[in-house]
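Below are the chains, spelled out letter by letter.
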Amino acid sequence: MKAICWNGINDLKVEKVPDPILLNPQDAIVRVIMSSVCGSDLHLLDGYVPGMRAGDIIGHEFIGEIVEVGSEVRTLRSGDRVVVGSVIGCGDCHYCSTQKWSLCDNSNPNATLLESGFGDTTAGIFGYSHSFGGYAGSHAEYIRVPFAEKGSFKLPESIRDDQAVFISDAFPTGYMAADMCDIKGSDIVAVWGCGAVGQMAMKSAFLLGAHRVIGIDKYPERLNMAKNFTGAEVLNYAQVDVLEALKEMTGGRGPDCVIDAVGMEADSEGLDQYYDKAKQYMRMQTDRPNALRQAIMACRKGGTVSIVGVYGGLVDKFPLGPAMNKALTFKMGQMHAQKYIPRLIEHVERGQADPSYLLTHRYPLDKGPEGYKMFKDKTDSCMRVVFTP
């Protein structure tokens with residue numbers, strides 16, 4: 001079969017690879033219908049996530065059709081159209097049974113690779129390095145899905161493919177970001193990053209009852225999407241002082257909740273950008289945390305900081321003093337797909353949300369490298385490229 005494979009930093013190739021086979025009685029083989037790029041894939045391309053090997057198939061946000069199931073799979077059958085969560089959970093360990101699926105004890109067979117850096121291991125993730133399990137990704141014609149009954153969800157006929165694909169990762173990640181804010185009806189929520197996850201965080205904040213939502217980015221087309229599709233107010237950080245603007249918009253207090261939907265490769269204005277890029281280039285820090293620094297400084301006293309932008313290691317100039325003295329609450333993590341996907345299917349089916357506008361470019365697998373270059377460079381008003389094998 002064809003697949004998009006990582007072969008080194010910023011080196012993707014479309015290759016012929018062996019078809020996946022059932023390895024466990026709880027597996028399913030899925031024919032991929034749609035598979036989307038994701039901002040966290042760029043961390044793989046840029047070499048900031050350890051454990052990548054030449055030939056690894058990338059991709060983790062997808063929908064497909066069941067073509068084969070293992071002997072212990074009872075609720076799925078050939079022909080079912082499913083959305084599959086990007087995070088792999090066994091469904092039986094302490095963490096899965098308490099709805100903390102991205103912390104699964106059993107789905108990452110390469111636990112020692114993470115333990116050395118994190119002090120513990122987390123769940124496996126499709127197409128996201130051998131540190132996160134070494135699972136083949138979804139930018140391929142077929143994919144093996146472990147623990148298939150736990151992470152695959154049948155789709156109603158009323159939901160289109162272009163609506164369903166983002167229920168795999170972007171929508172649940174954004175929804176979890178908003179959910180971790182414990183939003184009250186009078187709350188003002190500020191979201192750093194108007195990419196797909198940020199867009200879904202803004203929409204989800206409204207779904208969960210936020211009074212106002214403010215999106216922060218520098219790309220006009222993304223700011224316009226946030227305004228037109230989610231109803232958020234927007235700030236262009238290249239044109240205004242974000243901290244001053246947020247104070248003014250919130251009566252001098254600051255937002256009640258702040259969401260970092262950017263992560264380790266944040267851009268910024270001024271000296272911070274040069275400082276962070278230089279230290280990251282010299283491997284004196286692994287992540288550029290400027291969006292997170294700004295979110296912490298902007299958040300009101302006693303507010304909540306929600307982090308779903310991916311971080312991989314160490315950051316510098318972390319404003320711990322302001323965070324501690326303002327009594328901020330921090331909540332963060334890789335998203336718990338299996339907790340949120342059934343709820344999001346209902347939101348889409350009822351017409352309360354439609355993430356299909358995130359799909360701006362549709363390509364065949366053969367154009368994988370071009371699609372990723374467009375996505376990374378943010379050209380042609382690209383929000384998300386979706387591959388259709």
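The structure we're discussing is the one just above.
Parameters and conventions
- Residues numbered from 1 in each chain as written.
- Predicted model: local features only at pLDDT ≥ 70, side-chain atom pairs only at ≥ 80, totals over all residues.
- Heavy atoms only, no water.
- Salt bridge = Lys/Arg side-chain N within 4 Å of Asp/Glu carboxyl O.
- Buried < 20%, exposed > 50% of the residue type's maximum accessible area, 1.4 Å probe, protein only.
- Helix = DSSP H or I, 4+ residues; strand = E, 2+ residues; numbered from the N terminus.
- Expected span 1.5 Å × (residues − 1).
- Pairing = 2+ DSSP bridges.
- 1 Å grid on protein atoms, 1.4 Å probe; cavity = no way out; pocket = protein on both sides within 12 Å on 5 of 7 lines; lining within 4 Å.
- Points joined across faces, edges and corners; volume = space filled by probe spheres on them.
- Nonpolar A, V, L, I, M, F, W, Y, C, P; charged D, E, K, R; others polar.

## Comments concerning the pattern of salt bridges
So, step 1. The full count for this structure, using the stated rule, is 20 salt bridges.
So, step 2. In this structure, the salt-bridge partner of R160 is D162, at a minimum N-O distance of 2.9 Å.
So, step 3. A residue is classified by how much of its surface remains accessible, and R160, at 42% relative accessible area, is partly exposed.
So, step 4. Its salt-bridge partner being R350, residue E346 comes within 3.4 Å of it at the nearest N-O pair.
So, step 5. Overall, E346 belongs to the partly exposed group, its relative accessible area being 38%.
So, step 6. When salt bridges that share partners are traced, they join R160, D162 and D354 into one network.

## What to know about helix α13 (residues 337–349)
Since one α-helical turn is 3.6 residues long, residues separated by three or four positions face the same way.
So, step 1. Relative to the 18 Å expected for 13 residues at 1.5 Å per residue, α13 spans 18 Å between its end C-alpha atoms, a close match to the ideal helical length.
So, step 2. Immediately beyond the C-terminal end of α13, within one or two residues, lies G351, with a positive phi of roughly 80°.

## Points about the sheet that holds strand β1 (residues 2–6)
So, step 1. What the three strands build is an open sheet, ordered β2-β1-β4; its pairing is antiparallel. Unpaired on one side and paired on the other, β2 (12–16) and β4 (56–57) mark the two borders of the sheet.
So, step 2. Relative to β4, β1 runs antiparallel, the two being bridged by two bridges. Its bridge partner being in β4, W6 is matched across the sheet by D56.

## Side note on empty space enclosed by the protein
So, step 1. The final tally for this structure, using the stated rule, is one cavity of 30 Å³ or more.
So, step 2. Its boundaries defined by the atoms lining it, the largest cavity holds a volume of some 40 Å³.
So, step 3. As for the largest cavity, its lining consists of V84, G85, V87, I88, G89, F126, V145, P146, F147, G151 and Q338.
So, step 4. When its residues are assigned to classes, the lining of the largest cavity shows seven nonpolar, four polar and no charged.

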